[in-house]
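Now for the letters of each chain:
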Amino acid sequence: MANAHDAMWEKLNLDLDAHSGLLEVLGKFYGDIYLSQSGRLRGMEYLDFVLSEVHGLRIKELQDAKAAGKKIVGTFCVFVPEEIVLAAGAVQVGLCAGAEAGAKAAEKLLPRNTCALIKSFVGFKLSRLCPYIESCDLVVGETTCDGKKKAYEIFADYAPVYVMEIPQMKNACDRDLWKSEILRFKGKIEEVTGRTITPERLRDAIRLVNERRRVLQRLNRSRKASPVPISGRDALLVNQISFYDDPVRFTENIGKLCDEMEEKVKSGLGIVGKETPRVMLSGCPMAVPNWKLPYIVESSGAVIVGEESCIGTRNIRDLVDESGDTTEAMLDAIVDRYMQIDCACFTPNIERLDHIVAMARDLNVKGVIHYALSFCQPYAIEAYKVEKALEAAGIPMLAIETDYSMEDVAQLKTRLEAFVEMIR
Ligand code: BJ8
C-alpha cells in the first residue's frame, strides 16, 4: 500500500518493499506490546505519536534541517558527546539497531556469532532499511567492544564513518587520552559543519542536554513510588525516544508526563497493584524496537521500575557541570562527565557494581534481571561480578542472555515466571 512518505524514502534510496514490511511488523509488535496495556498515562500519547512517525515526520524534519544547511550526525554509543554536535548547529540521532531485519545480510560480512546490535546496524545499512542512517552526514563509531570496533571498519565501506577512541581504564593518562579525543572530535565536527564552536553555543548545548537528562531523572524519581505510576515498557520507550526526538520538544512533553505521574503518585494510584513484585533491568542497551524482555517480564507478574543501562540511567545519571565560562573549562567539564560512564568495556568497572546495588536499594526492588545480548562478552562476563555484589546485598539476580529473535520467548517466560514466583 502506498504511503505518504514513499517519495521521501525513495529519495533516501530505501528498499521500499522491505521497508514497508518492516513498518508493518513494527506496528503490529507495538500494538501487542504497548497499546494493549490498560490504564496508561495520557502523556504516553505523545510517545505513541512520535513512534508512529519514527520513519515519517521525524525523518521529514531531518530532511528539512539538511535543506537548511544543518548536518546530521548518527551515533551508536552514549560516549559520543552530543553537546559538541549541537554546539556546531548539527542534529544528533542515536541510531536504533534493535531489530532482527537485515541480520541475514549482515551475516554475509560478519561472523554469525556477533551480537545482535552490531548485526542490526550493519544489516539495516546493507538492506537499505533505515532512513536515519541514510540521512547521516557522519556516523560516529567508538572503540568500546571489539565487535563494534571491527564492524565499523566494514561499515565505513558503506557510510561516512568517524571513530572515537574510548579509554578502557580510568587513570589520569586515560583521561588525557579522552580529552585529546574530545578535542579531535570537536575539530572533526567543526570541519563537517563548517561552523566554529563558540563558548556561547557550547554553553547553550550543555544546558539543553542537561535539561533533557534532568527531566528523565525526574521521571525516574517517580518510579520509586509504590505503586509505581508507569510501566517499565513505557519508561523504556521514553528513554529510547530521547535518542532521536527533537530535544526541546521532548523535554517539554516529558515534563508534562512527569506532572501526570506525580499527580498519580500523590493520589496513591499506580499502573499495577502495590503487591506486584518490583524488579530492575541491568546490562546491555535495549534499542528500538527491542521490547521483547520487558514485555515478557511484565507479562510474568512483575513490574520494571528501573533500567541500569545506556538506554536508561547510565545515560542520564551524570550532568555536565554548567559553571565553566570558557570553551576550555566547558570541554573539561564534558571530559569529566563522560569519563564517569560505567560501561562494561572498562576494566576494572567497580563503579558499575556500586551503582547497581545503590539503585536496587533506592528503587526497593525484589530482584534484578541482568540482560546480556548473546555474544556480548563485556556484559555477559561482568554479570558474574554483578551477581556477587547483589548477593552480598541480599538481592536475587537472574542472568538472561538472548538476542532479537522470538525463538526463545517460551523458554524465557518459563524462567521469568519461576524467578518472579521466587522473589514474590
Ligand atoms: S557505553 S553499553 S552504548 S558500548 S551489546 S555492541 S558492548 S557486544 S552497546 Fe554500549 Fe556505549 Fe558501552 Fe553503552 Fe558490544 Fe555488547 Fe554488542 Fe554493545
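Residues numbered from 1 in each chain as written. Predicted model: local features only at pLDDT ≥ 70, side-chain atom pairs only at ≥ 80, totals over all residues. Heavy atoms only, no water.

**Comments concerning unusual backbone geometry**
Item 1. The residue after Val288, namely Pro289, is reached through a cis peptide bond having omega -5°.
Item 2. Assignment of secondary structure puts Pro289 in the loop between β5 (278-283) and α14 (292-298).
Item 3. Phi is positive for Asn13, close to 65°, though the residue is something other than glycine.
Item 4. Looking at the secondary structure, you find Asn13 in the loop between α1 (6-11) and α2 (16-35).
Item 5. Owing to a relative accessible area of 44%, Asn13 belongs among the partly exposed residues under this scheme.
Item 6. The phi dihedral of Phe375 is positive, around 75°, even though this residue is not glycine.
Item 7. Following the sequence through the fold, Phe375 ends up in the loop between β7 (367-373) and α18 (377-392). (Helix = DSSP H or I, 4+ residues; strand = E, 2+ residues; numbered from the N terminus. Buried < 20%, exposed > 50% of the residue type's maximum accessible area, 1.4 Å probe, protein only.)

**Observations regarding the pairing of strand β4 (residues 161-164)**
Item 1. Side-chain alternation along β4 places Tyr162 and Met164 on a buried face and Val161 and Val163 on a face that remains uncovered.
Item 2. Two strands pair when backbone bridges link them, and strand β3 (residues 138-142) and β4 are joined in this way by four bridges, in the parallel orientation. Bridge assignment links Val139 to a residue of β4, and that residue is Val161.
Item 3. The β-α-β motif built from β3, the intervening helix α9 (residues 146-155) and the parallel element β4 has right-handed crossover chirality. (Pairing = 2+ DSSP bridges. Right-handed = clockwise from strand over helix to strand, strands pointing away.)

Just distances and angles here, no functional claims.
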